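Letter by letter, the chains look like this.
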Amino acid sequence: MSSAEAQASTAGGMADALARLRASPRLALIIGVAAAVAILAALLFWTRSPDYAVLYSGLADRDGGAVLARLDQMQVPYKLSGGGSTIMVPRSRVDHLRLQMAGDGLPKSGGVGFELMDNQPFGVSEFAEKVNYQRALEGELARSIETIDEVTGARVQLAMPKSSVFVRDRKQPKASVVLDLYSGRALTKGQVTAIQNLVASAVPGLPVDAVTVVNGRGHLLSRGDTDQNDADGTRLAYAAQVEKTYQQRIQDLLAPIVGADNVRTQVTADLDFSRRERTSENYTPNNGDKPAAIRSRQTNQKADSGKQDGGIPGALSNQPTPNAPSPINNPATQDNNGAANASPGAAAGNENTPDDTSNGALQSDGALGLNSGGNISSSRSNTTNYELDRTIAHVKNAVGQVQRVSVAVVINENAIGTPGTDDNPGKTGLSPDRMAQIRRLVRGAVGYTESRGDSVDVIQMPFSDASPGPTIPAAAWWRDPALQALAIQTLKYLLLAIVAWLLWRRLIRPLAQRSGLLGDTAPVAGTSAAATTPAPESADPQAESDAAARALRSQRRARHNDAIKDAQEAARQDPRMVAMIVKDWMKEDV
């Protein structure tokens, strides 16, 4: 029962409010104007609201809170999207805010760098210091990788084994890199190899093969063998660059002669990407006019008379052999044996060797009759070592050497040469001598080498008048971002104007007419046909003025009657309001 009474009272209150509005047209006008102003102000703020752009996306909760706190301090409006992981700010201030945030060290999702080593406590252990250094190195590498245009985030993990003084116990460090790329972008093989070399260069002892690169979807981007990596697009790009260089040389050379539009060039370069290393060791013989350098010489000689002591045992047999008398002290012996010693003396002087001299002495003793029964033996060896000329060459061929070049050049026959005849009005092209000269120029431009099988073909043919290729259609005008932004802004203001016109037409103007602030142009109910229908043209001005006065009085009476009817209706619906109004009138009269 109470709920029914509450509903009845609520309905009665609404009816009373409507009755008051009907009884007081000015109040309704004021409320309508206020509502219209509020609607227009909301639309105006909406049209003038800034265009928001992404400041940071994919932030952790801790980093997002730090960035929001900094934006609040700077009194910068922002919006959150993506579950709070994306922060949007006015587009015109995105670059400025990013620089300010970077100066404050925000955000820190990319990991800490070497600033971690700045505030280490005193007495930190060696293990903690190594861990902090590894964390700082990982953070710095991640920051360096994030500077690549296609990478939005990176994480680096280093596996650095404990160093050992024993070679057999040493292990190489390893590294893994996880990349988060922008949507719709991918890294080339060359960029992946560059990331591997970047990480390997920053860690001592880390080979390039030990760096693993993985994208955010878990796909392996790197290969274990860098030599196989050369088979990727890097080779094709290098070959295309070499061919383009040759082609540009020919084009620059022939353009002043035949015209840039009258020559077409294609170059094919066969490159050798194999790795070759060769080591050769050559020995130069010491023959001919080349002098030989003696490193060492060794001479061994041995002489043995072969005489042995013998005879009857006793004191005489054990005595040493007496010295032989000198030939100088014995002239008789010298005269008797001169002829016998002539031949040995000459031989000893010619050879001038110690062995020959001793042999001659022994022969002299034999001639004197001393030790004639002894055996004589001698030996001599001479060893000479020479220096050998040796040359060791270690040759490593460069990768990407040109093995063969093929060049094809076509010259427009109709555009150059002497004019033709009446039957053939086109030009006759270049003469054979001129074509031979151009062929020599092309060979010189590409470094023609006949031994490696290079080929150069230069011909002249008439070019077609058709377009060289399909033209790329221009982008549609409505796809221009600047034009789209201007159209959106224009539509906002147009919508604001339409809403303002509707509010005036449907709300403000009727209320103003009811309150009497505006003249009624529409016919009022209850007025006579004479009041609503324009009076016929008359020649008497007095009659026209009387008719206008009568029409005005009729309109006033109609308004008065309408006001009386509204007051009577309000009195029937809400007597209390009427009583309050009458009391106010009475107080004013008193």
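Residues numbered from 1 in each chain as written. Predicted model: local features only at pLDDT ≥ 70, side-chain atom pairs only at ≥ 80, totals over all residues. Heavy atoms only, no water.

A.B. asks: Just give me the short version of the pairing of strand E12 (residues 401–412), but keep the residues and values in it.
C.D. replies: Both strand E7 (residues 263–272) and E12 contribute to a ladder of 10 bridges, which runs antiparallel. In the strand pairing of E12, Thr 268 is matched with Ser 406. As defined by bridge partners, E12 adjoins strand E13 (residues 455–461) across 7 bridges and the pair is classed as parallel. The partner of Asn 412 across the bridge, within E13, is Met 461. (Pairing = 2+ DSSP bridges. Helix = DSSP H or I, 4+ residues; strand = E, 2+ residues; numbered from the N terminus.)

A.B. asks: Residue-level account of the sheet that holds E7, with values.
C.D. replies: Two pairing modes exist for strands in a sheet, parallel and antiparallel, and in both the strands are linked by backbone hydrogen bonds. Across the sheet, which stays open at both edges, the 3 strands sit in the order E7-E12-E13 with mixed pairing between neighbours. In this open sheet, the two edge strands, each paired with only one partner strand, are E7 and E13. For this sheet, the mean inter-axis angle between neighbouring strands, taken without regard to orientation, is 10 degrees. The sheet strands contacting helix H11 (residues 432–446) are E12 and E13, and the helix crosses E13 at an angle near 140 degrees. (Axes fitted to C-alpha atoms, helices over the stretch in contact; angles between N-to-C directions. Contact = heavy atoms within 4.5 Å.)

A.B. asks: An account of the side chain of Asn 412 is requested, with residue identities and associated values reported.
C.D. replies: Looking at the element boundaries, Asn 412 is found in strand E12. Within polar-contact distance, the side chain of Asn 412 engages the backbone nitrogen of Asn 414 at 3.2 Å. A polar side-chain atom of Asn 412 sits 3.0 Å from the main-chain amide nitrogen of Phe 463. (Polar contact = N/O pair within 3.5 Å; in protein donor to acceptor, adjacent residues only side chain to side chain.)

A.B. asks: An account of the packing of helix H3 (residues 61–74) against helix H4 (residues 94–103) is needed here, citing residue identities and associated values.
C.D. replies: Closest axis-to-axis distance for the H3/H4 pair is 12 Å, and the angle between their directions is 115 degrees. For the pair H3 and H4, the sense of crossing is right-handed. Here Val 67, Arg 70, Leu 71 and Met 74 of H3 come into contact with H4, specifically with Leu 97, Gln 100 and Met 101. Looking at the contact of H3 with H4, its residues break down into 5 nonpolar, 1 polar and 1 charged. (Left-handed = near helix turned anticlockwise from the far one by under 90°. Nonpolar A, V, L, I, M, F, W, Y, C, P; charged D, E, K, R; others polar.)

A.B. asks: Would you mind going over the confidence of the model for the protein in detail, with residue names and values included?
C.D. replies: Per-residue pLDDT for the protein averages 74, and the proportion of residues at 70 or more is 69%. Counting interchain partners and residues more than four positions distant, the pLDDT-below-50 stretch residues 330–373 has 26 contacts. With pLDDT under 50 throughout, residues 520–539 is counted as low confidence; its partners more than four residues away or in other chains account for 11 contacts. (pLDDT = per-residue confidence, 0-100.)

A.B. asks: So, helix H6 (residues 189–202): which residues are in play, and what are the values?
C.D. replies: The end-to-end C-alpha distance of H6, which contains 14 residues, comes to 20 Å, matching closely the 20 Å that a straight helix rising 1.5 Å per residue would cover. Of the positions making up H6, those classed as buried are Val 192, Ile 195, Gln 196, Val 199 and Ala 200. Summarising the axial view, the buried residues of H6 lie within an arc of 130 degrees, below the 170-degree limit, and thus occupy one face. (Expected span 1.5 Å × (residues − 1). Buried < 20%, exposed > 50% of the residue type's maximum accessible area, 1.4 Å probe, protein only. Arc of directions from axis to C-beta.)

A.B. asks: How would you sum up the packing of aromatic side chains? Please name residues and give values.
C.D. replies: What the rule picks out here adds up to 1 aromatic pair. Between Tyr 238 and Phe 273, the ring centres sit 6.2 Å apart and the planes meet at 75 degrees, which makes this aromatic pair edge-to-face. Remark: Phe 273 occurs in the loop between E7 and strand E8 (277–284) and Tyr 238 occurs in helix H8 (residues 233–258); sequence separation between them is 35 residues. Seen from the ring of Tyr 448, Arg 443 lies directly overhead, with NZ or CZ sitting 4.6 Å from the centre. (Phe/Tyr/Trp six-rings, centres within 6.5 Å; stacked < 30°, edge-to-face > 60°. Lys NZ or Arg CZ within 6 Å of the ring centre and 35° of its normal.)

A.B. asks: Please provide a residue-by-residue account of unusual backbone geometry, values included.
C.D. replies: Residues other than glycine seldom take positive phi values, yet Gln 75 does so here, at roughly 55 degrees. Checked against the element boundaries, Gln 75 lands in the loop between H3 and strand E2 (79–81).

A.B. asks: Account for the packing of helix H5 (residues 126–146) against H6, with residues named and values stated.
C.D. replies: Each pair of packed helices can be summarised by the angle the axes make with each other and by the distance between the axes. Contact pair H5 / H6: the axes reach a minimum separation of 11 Å and the direction vectors enclose 150 degrees. One way to sum up the angle between H5 and H6 is to call them roughly antiparallel. Between H5 and H6 lies a crossing whose hand is right-handed. Of the residues in H6, those touching H5 at Leu 137, Leu 141, Ser 144 and Ile 145 are Ile 195, Leu 198, Val 199 and Ala 202. (Parallel < 35°, antiparallel > 145°, perpendicular 65-115°, else oblique.)

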